[in-house]
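One letter stands for each residue in the lines below.
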Amino acid sequence: MKTLKFLRKDKSYLVYDTSDETYLGFIYYKDFEKLGLKPENESEFYISDVSDPVLENLKNEIVNKGFNKAITIATSRECSGKMIREKLKAKKFPEYAIDDVIQLMNSYNYLSDERFVESYVRSYMMTKSRRLLEKELEDRGIDVSLYEEVISGVYRDEGIEESDTIEKLLDKRFRGQDLTDEKIRRRACSFLMRHGFSYDKIKLYLT
């Protein structure tokens, strides 16, 4: 048997195991009846003698909420596992629930780092260098070394070279301007470097 502490926060109730103050997650008022628990009309209250089956059902309810939230996130755009983890953490889901959600999503093939890499590169390849894209993918928890061929394949499929990206960016930002002018050339160089291109590549277009 367990004693659980409930803290009301807006429309939800944060749940803690009082034996070690472990945060178990959150539920809503309507969940109490479903779980066989009776809430009190206080901002903080305790429920004693919570059986192991009820505790397990409570944890499953929290995992289900996390899974539904993750599905909503993943259906709006391709996501990496790390992105889902960070978003669920920001929504106050506990680690055990997040781990279970990631495992469930992988089992249903809702998460695919390869699909995420393809989608990300296709979306930004005409505005950023490959080097910057790879850095941003790494920031999102992707081991880029595993997907070098996938990234190269996207460039091949689209028939795009980094030179095409540079030319498009220059045309969009500096169309009609004299790139032989030193001041404009410096601005163009800084502009392209912010988009992740190395000086060696940039100087081919600005000399």
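For the structure, see preceding data.
Here's what I pulled together on the structure shown here. (Residues numbered from 1 in each chain as written. Predicted model: local features only at pLDDT ≥ 70, side-chain atom pairs only at ≥ 80, totals over all residues. Heavy atoms only, no water.)

Extensive coverage of strand β2 (residues 12–17) is indicated by the burial of six of its six residues. Here β2 shows two buried faces, one formed by Ser12, Leu14 and Tyr16 and the other by Tyr13, Val15 and Asp17. Where strand β1 (residues 2–9) and β2 come together, six bridges link them in antiparallel fashion. Note that in β2 the partner of Leu4 across the bridge is Asp17. Between β1 and β2, which pair antiparallel in sequence order, lie two residues; one of them, Asp10, sits at a positive phi of approximately 55°. Across six bridges, β2 lies against strand β3 (residues 22–28) in antiparallel orientation. (Buried < 20%, exposed > 50% of the residue type's maximum accessible area, 1.4 Å probe, protein only. Helix = DSSP H or I, 4+ residues; strand = E, 2+ residues; numbered from the N terminus. Pairing = 2+ DSSP bridges.)

Attention shifts here to the packing of helix α2 (residues 52–76) against helix α4 (residues 95–107). In a packed pair of helices, the relevant descriptors are the angle between the two axes and the axis-to-axis distance. Packing of α2 against α4 brings their axes to within 9 Å, and their N-to-C directions diverge by 55°. With respect to α4, the axis of α2 lies oblique. When the axes of α2 and α4 are compared, the crossing they make is right-handed. Across the interface between the two elements, Lys59, Ile62, Val63, Gly66, Phe67, Ala70, Ile71 and Ala74 of α2 pack against Tyr96, Ala97, Asp100, Val101, Leu104 and Met105 of α4. Of the residues that constitute the contact of α2 with α4, the class distribution is eleven nonpolar, one polar and two charged. (Axes fitted to C-alpha atoms, helices over the stretch in contact; angles between N-to-C directions. Parallel < 35°, antiparallel > 145°, perpendicular 65-115°, else oblique. Left-handed = near helix turned anticlockwise from the far one by under 90°. Contact = heavy atoms within 4.5 Å. Nonpolar A, V, L, I, M, F, W, Y, C, P; charged D, E, K, R; others polar.)

Here the focus is a positive patch on the surface. A cluster of like positive charges, contributed by Arg173, Lys183, Arg187 and Arg194, occupies part of the molecular surface. Take the positive patch: its biggest share by element is three residues, from helix α9 (residues 182–194). Looking at Arg173, the relative accessible area reads 38%, which means it is partly exposed. (Patch = residues over 30% accessible without salt bridge, like charges linked within 9 Å, V, L, I, M, F, W, Y side chains within 5 Å. Areas by Shrake-Rupley, 256 points an atom, 1.4 Å probe, with all protein chains shown as cover. Salt bridge = Lys/Arg side-chain N within 4 Å of Asp/Glu carboxyl O. Lys, Arg positive; Asp, Glu negative; His and termini not counted. Charge placed at Lys NZ, Arg CZ, Asp CG, Glu CD.)

In short, geometric facts, not functional conclusions.
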